[in-house]
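Observations on chain architecture
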Amino acid sequence: SFEDFKKDVKNGTLPSYSFLEPRYNDYFDAARQKAYFASDQHPPHDVRHGENLIADVYEMLRKSDLWEESLLVITYDEHGGFYDHVKPPAGVPPLKGGQPRPDALTGFDFTRLGLRVPAVLVSPFIEPATVVKTQFDHTSLVATARKLFAPAAEPLTERDKVAATFEGVLTRDTPRDARKKLN
């Protein structure tokens, strides 16, 4: 839970890999008499709740003793629109051996990537305002985790086997001092 995440950051006991999901629905907790709002940034929800979630996570990490060991990856499951001026590139189908099997409903065979999806990497080992031109895909997160935490593990699919990983973005030998308030 997000409460566990906050506690682990505060106590310095955050696991080496943590994955946070936003809240996808508004709801009212009658027992606590408290409203909770969706923070997923999907319509029709107020995107500000998602922006607050990202800011809260960033500030918690930045102010913690874990900051100099952290890479915060902010990514999305969708591109946020219907048009991209760049044609989706070819991709390796995410199968473990064998030939691509088209989706039964759409006929899509996963031999190309979809529209571009935003991602932000935040770490004191990345220079400010860095823009990376490397082509990543959703399995880059899986490939990076495997490379860092389980290098002997087999890839899950052919796609994550060839996916670019994030560690090349961490170009600094020493961390920036990001604990200071940024202007």
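Scroll up to find the structure this text is about.
Report on the accompanying structure. (Residues numbered from 1 in each chain as written. Predicted model: local features only at pLDDT ≥ 70, side-chain atom pairs only at ≥ 80, totals over all residues. Heavy atoms only, no water.)

1. Re the pattern of salt bridges
This structure, assessed with the given rule, holds nine salt bridges. Linking Glu-59 and Lys-63 is a salt bridge whose minimum nitrogen-to-oxygen distance equals 3.7 Å. Residue classification places Lys-63 among the exposed residues on the basis of a relative accessible area of 57%. Salt bridges here are not isolated pairs; linked through shared partners, they connect Glu-59, Arg-62 and Lys-63. (Salt bridge = Lys/Arg side-chain N within 4 Å of Asp/Glu carboxyl O. Buried < 20%, exposed > 50% of the residue type's maximum accessible area, 1.4 Å probe, protein only.)

2. Here's the deal with the environment of Gln-41
Counting through the fold element by element, Gln-41 comes out in the loop between strand 2 (34–36) and helix 2 (47–62). Looking at Gln-41, the relative accessible area reads 18%, which means it is buried. Measuring from C-alpha to C-alpha, the distance between Gln-41 and Gly-80 comes to 9.7 Å, with 39 residues separating the pair along the chain. In this structure, Gln-41 is in contact with Val-47, Gly-50, Glu-51, Ile-54 and Tyr-76, ignoring residues within four places of it in sequence. Reaching out from Gln-41, the side chain makes a polar contact with the side chain of Glu-51 at a distance of 2.7 Å. Within the structure, Gln-41 has its side chain in polar contact with the side chain of Tyr-76 (distance 2.9 Å). (Helix = DSSP H or I, 4+ residues; strand = E, 2+ residues; numbered from the N terminus. Contact = heavy atoms within 4.5 Å. Polar contact = N/O pair within 3.5 Å; in protein donor to acceptor, adjacent residues only side chain to side chain.)

3. Thoughts on the packing of helix 1 (residues 2–11) against helix 2
Two numbers describe how helix 1 lies on helix 2: the axes approach to 10 Å, and their chain directions differ by 20°. With respect to helix 2, the element helix 1 is oriented roughly parallel. Helix-helix and strand crossings are classified by hand; for helix 1 and helix 2 the assignment is left-handed. Contacts from Phe-2, Phe-5, Lys-6 and Val-9 of helix 1 reach helix 2 at Leu-53, Asp-56, Val-57, Met-60 and Leu-61. Taken together, the residues of the contact of helix 1 with helix 2 break down into seven nonpolar, no polar and two charged. (Axes fitted to C-alpha atoms, helices over the stretch in contact; angles between N-to-C directions. Parallel < 35°, antiparallel > 145°, perpendicular 65-115°, else oblique. Left-handed = near helix turned anticlockwise from the far one by under 90°. Nonpolar A, V, L, I, M, F, W, Y, C, P; charged D, E, K, R; others polar.)

4. A short note on the nonpolar core
Counting nine residues, the largest nonpolar core consists of Phe-5, Val-9, Val-57, Tyr-58, Leu-61, Trp-67, Leu-72, Ile-74 and Val-122. Of all elements in the fold, only helix 1, helix 2 and strand 3 (72–75) reach the threshold of two or more residues within this core. Residue contributions to this core peak at three residues, all from helix 2. Residues contacting Ile-74, with those up to four places away along its chain left out, are Ile-54, Pro-118, Ala-119, Val-120 and Val-122. (Core = buried A, V, L, I, M, F, W, Y, C linked by side-chain atoms within 4.5 Å.)

5. Some remarks on the side chain of Asp-29
Residue placement: Asp-29 occurs in strand 1 (residues 27–29). Of the polar contacts made by the side chain of Asp-29, one reaches the backbone nitrogen of Ala-31; its length is 3.1 Å. A polar atom in the side chain of Asp-29 sits 2.9 Å from the side chain of Arg-32. Setting aside residues up to four positions removed in sequence, Asp-29 forms contacts with Lys-34 and Tyr-36.

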